[in-house]
Amino acid sequence: MGKVLIVAEHLDGKLNASTAKCVSAAQALKPDSIDIVVLAADPAGVAAEAAQIAGVANVLTVANAANANAIAQVLAPQVAALAKGYTHVFGPSTTFGKDLMPCVAALLGVAQVSDVMAVEGTHAFKRPIYAGNAIITVEAPADHAVVATVRTASWPEAARGGSAAVEAADVDAALPSHTRYIGLAAGKSDRPDLQSARRVVSGGRGVGSKENFEIIYKFADKLGAAVGASRAAVDAGYVPNELQVGQTGKIIAPELYIAVGISGAIQHLTGIKDAGTIVAINKDGDAPIFEIADVGLVGDLFQLLPELEQALS
Ligand code: FAD
């Protein structure tokens, strides 16, 4: 049917789970082969991890000091050069992929297919629109390579246990000098990564203040969970922007999502549609969050959270 190339997402020498999710999406195409490309200064460790993903034929490595940081403008010409010979080029619909893949699509002269949540055919895909309130089927032209981002919340990680061949790829691409790495400013946290965590505890405006948010952090730590927040909590300055869950924040699919003092606005629910079990804690029994919650606790969060924490001890 065709060949799929997946661009590996990685950080600090570790492969991101989003790559194995892209492999699942690629498998749905029933292609002749699936390859992964790892672009890094030293890709060996990440490539070895990628080679273990079942269903992957080859892991291509592109070692270049310029690839030490994931700068879309630097990576894109290399991916575009490698794309020749592939029918599909997939990347995750994460910050990394949303930055990179449109550049790849532009270099290849095609329109990107965004947020693939289901594969309907080799060139037909389902994706959410209107903040996830409607699903549309889009068709990419059959005579061009398909460049797409994969909605990670919609796909499970492909199994491990594979043993793909790892080989260095020759890339003939001129790298731009107009975009250079200056530095990275990112919130440091020892907690699990919000986008890939299996458990997430989120706080909303109901938490009331930055200081009060300690109760959310404490409870999350008890569960080994990542911390998220509603936009209202972010806008009020309780937590930094990167914790926002929802339409304009992160789309997540943890096994357990606990929404604390969050009303359940549609823009927030968009971000947690694919969560396994949703628990809501809210003092207003009529809050819309209870319409989608699997477990609802009506009451004051400042009373319920310590009680829950105690019960977990
Ligand atoms: P509120 O709606 O104010 O709800 C607070 C809740 O806390 C209430 O239900 C209240 O009963 C409860 N509460 C208060 N005190 C307590 C207590 N002591 N104990 C228990 N419960 C208590 N929102 C997002 O979250 N993510 C997004 O990505 C996002 N994107 C948006 C994009 C657009 C274009 C727009 C227009 C809006 C977006 N929003 C987003 C905002 C969204 O519409 C809501 O305003 C926001 O989600 C509300 O946050 P909240 O539930 O924390 O606050």
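Rules used throughout
- Residue numbers here run from 1 along each chain, matching the order of that chain's written sequence.
- For a predicted model such as this one, the threshold for reporting local features is a pLDDT of at least 70, and the threshold for listing and counting side-chain atom pairs is 80 or more; totals across whole chains, interfaces and linings nevertheless cover every residue.
- Derived side-chain values reflect all non-hydrogen atoms in the structure, with water molecules and hydrogen atoms excluded from consideration.
- UniProt positions are given in the numbering used here, feature names are shortened, and annotations may be inferred rather than shown by experiment.
- The secondary structure listing takes helices from DSSP runs of H or I that are at least 4 residues long and strands from runs of E that are at least 2 residues long, numbered from the N terminus.
- Throughout, a residue-residue contact means that at least one pair of heavy atoms, one from each residue, lies within 4.5 Å.
- Aromatic contacts are taken between Phe, Tyr and Trp rings whose centres are within 6.5 Å, Trp giving its six-membered ring; a plane angle under 30 degrees counts as stacked, one over 60 as edge-to-face, and the others as tilted.
- For every residue, the accessible area (1.4 Å probe, protein chains only) is compared with the maximum for its type, and the residue is labelled buried under 20%, exposed over 50%, or partly exposed between those bounds.
- Note on criteria: charge over ring means Lys NZ or Arg CZ within 6 Å of the ring centre, with the direction from the centre no more than 35 degrees off the ring normal.
- To estimate the expected span of a helix, subtract one from its residue number and multiply by 1.5 Å.
- In this description, the arc belongs to the directions extending from the helix axis to the C-beta atoms.
- Distance and chemistry together define a polar contact, namely a pair of N or O atoms within 3.5 Å, with one atom able to donate a hydrogen and the other to accept it when in protein, and with adjacent residues in sequence counting only for side-chain atoms on both sides.
- By convention in these notes, a residue is near a molecule or strand provided one of its non-hydrogen atoms lies within 4 Å of it.
- Residue classes follow a fixed rule: Ala, Val, Leu, Ile, Met, Phe, Trp, Tyr, Cys and Pro count as nonpolar, while Asp, Glu, Lys and Arg count as charged, and any other residue, Gly among them, counts as polar.
- Cysteine sulfur atoms that come within 2.5 Å of each other are treated as a disulfide pair.
- For helices, the fitted axis covers only the stretch in contact; all axes are lines through C-alpha atoms, and the angles between them, taken along N-to-C directions, range from 0 to 180 degrees.
- Every angle not falling under 35 degrees, over 145, or within 65 to 115 is termed oblique; those three ranges are roughly parallel, roughly antiparallel and roughly perpendicular.
- Here is the rule for handedness: rotate from the far helix to the near one, and if that takes an anticlockwise turn smaller than a right angle the crossing is left-handed, while a clockwise turn gives right-handed.
- Nine residue types can take part in a nonpolar core, namely buried Ala, Val, Leu, Ile, Met, Phe, Trp, Tyr and Cys, and a core is a set of them joined through side-chain atoms within 4.5 Å.
- By definition, two strands form a pair when at least two bridges between them are found by DSSP.

- Per an unreviewed UniProt entry, the protein goes by Electron transfer flavoprotein subunit alpha and derives from Thermomonas aquatica.
- Taken from UniProt, the Sequence similarities (unreviewed entry) comment for the protein reads in full: "Belongs to the ETF alpha-subunit/FixB family."
- If you open the UniProt record of the protein and go to Function (unreviewed entry), you find "The electron transfer flavoprotein serves as a specific electron acceptor for other dehydrogenases. It transfers the electrons to the main respiratory chain via ETF-ubiquinone oxidoreductase (ETF dehydrogenase)."

## Focus: the environment of P254
Working step 1: Mapped onto the secondary structure, P254 falls in the loop between α6 (231-235) and β15 (256-260).
Working step 2: Spatially, the C-alpha atoms of P254 and T94 are 15 Å apart, while their sequence positions differ by 160 residues.
Working step 3: In contact with P254, other than residues within four places in its own chain, are A197, R198, R199, V200, A275 and G276.

## With respect to the packing of aromatic side chains
Working step 1: For the structure shown, the criterion picks out two aromatic pairs.
Working step 2: When the ring of F213 is compared with that of Y238, the centres are 6.4 Å apart and the planes differ by 50 degrees; the resulting orientation is tilted. Here Y238 lies in the loop between α6 and β15 and F213 lies in the loop between β13 (199-203) and α5 (214-223), a separation of 25 residues in the sequence. You'll find F213 and Y238 in the same group, each marked buried.
Working step 3: Through successive ring pairs, a cluster of aromatic residues spans F213, Y217 and Y238.
Working step 4: Across the ring face of Y86, the terminal group of K3 is positioned such that the distance to the ring centre comes to 5.0 Å.

## A closer look at helix α9 (residues 301-312)
Working step 1: Between its terminal C-alpha atoms α9 stretches 16 Å, which fits the 16 Å expected from twelve residues at 1.5 Å a residue.
Working step 2: For α9, the set of buried residues is L301, L304, L305 and E309. Looking down the long axis of α9, one finds its buried residues gathered within 130 degrees of arc, a one-sided arrangement. Opposite the buried face of α9, by more than 90 degrees, sit the exposed residues Q310 and A311.
Working step 3: Contacts made by the buried residues of α9 are with α5, β15, β16 (277-282) and β17 (295-298).
Working step 4: Backbone nitrogen of F302 and a side-chain oxygen of the N-cap are separated by 2.8 Å at the start of α9; the cap is D300.

## Concerning unusual backbone geometry
Working step 1: Here D12, not a glycine, exhibits a phi torsion of approximately 50 degrees, which is positive.
Working step 2: Backbone geometry places K30, a non-glycine residue, at a positive phi of 50 degrees.
Working step 3: With respect to the helices and strands, K30 occurs in the loop between α1 (17-27) and β4 (33-40).
Working step 4: Under the relative-accessibility criterion, K30 is labelled exposed at 65%.

## Considerations on the site of the ligand
Working step 1: Lining the immediate environment of the ligand, one finds 25 residues, of which R205, S230, T248, S263 and N282 sit closest.
Working step 2: A distance of 3.0 Å is found between an oxygen atom of the ligand and a backbone nitrogen or oxygen belonging to G261.
Working step 3: One of the side-chain nitrogen or oxygen atoms of S263 is found 2.7 Å away from an oxygen atom of the ligand.
Working step 4: Those elements that provide at least two residues to the shell around the ligand are α6, α7 (266-269) and α9.
Working step 5: Grouping the amino acids of the shell around the ligand by side-chain chemistry returns six nonpolar, 14 polar and five charged.

## Here we look at the state of the cysteines
Working step 1: A complete count under the given rule lists zero disulfides for this structure.
Working step 2: Looking at the unpaired C22, the closest cysteine sulfur is the one in C103, lying at 16 Å.
Working step 3: Residue C22 is classed as buried on the basis of its relative accessible area of 0%.

## Re the packing of helix α3 (residues 72-83) against helix α4 (residues 95-108)
Working step 1: The geometry of α3 relative to α4 is characterised by a closest axis approach of 8 Å and an angle of 50 degrees between their N-to-C directions. The orientation of α3 relative to α4 falls into the category oblique. Our pair here, α3 against α4, has a crossing hand that is right-handed. Of the residues in α4, those in contact with A72, Q73, L75, A76, P77, V79, A80 and A83 of α3 are F96, D99, L100, C103, V104, L107 and L108.
Working step 2: The residue makeup of the contact of α3 with α4, split by class, is 13 nonpolar, one polar and one charged.

## Digging into the nonpolar core
Working step 1: In terms of nonpolar packing, the biggest core is built from 32 residues, with I6, V23, I36, I53, V59, F90 and F125 touching the most fellow members.
Working step 2: What I53 contacts, discounting residues up to four positions off in sequence, is L15, T19, A20, V23, I36, A158, A159, R160 and G162.
Working step 3: Among the nonpolar cores identified, the runner-up in size contains 24 residues, and F219, A220, L223 and V227 belong to it.

## Here's the deal with the sheet that holds β15
Working step 1: In spatial order, the strands read β14-β13-β15-β16-β17; together these five strands make up an open sheet with parallel pairing. The two strands at the open ends of the sheet, each matched to only one other strand, are β14 (226-229) and β17. Here the strands of the sheet are splayed against their neighbours by 15 degrees on average, with no regard to which way each runs.
Working step 2: Sheet topology places β15 next to β16; five bridges connect them, and they run parallel. Among the inter-strand pairings, A259 is bridged to a residue of β16, identified as A280.

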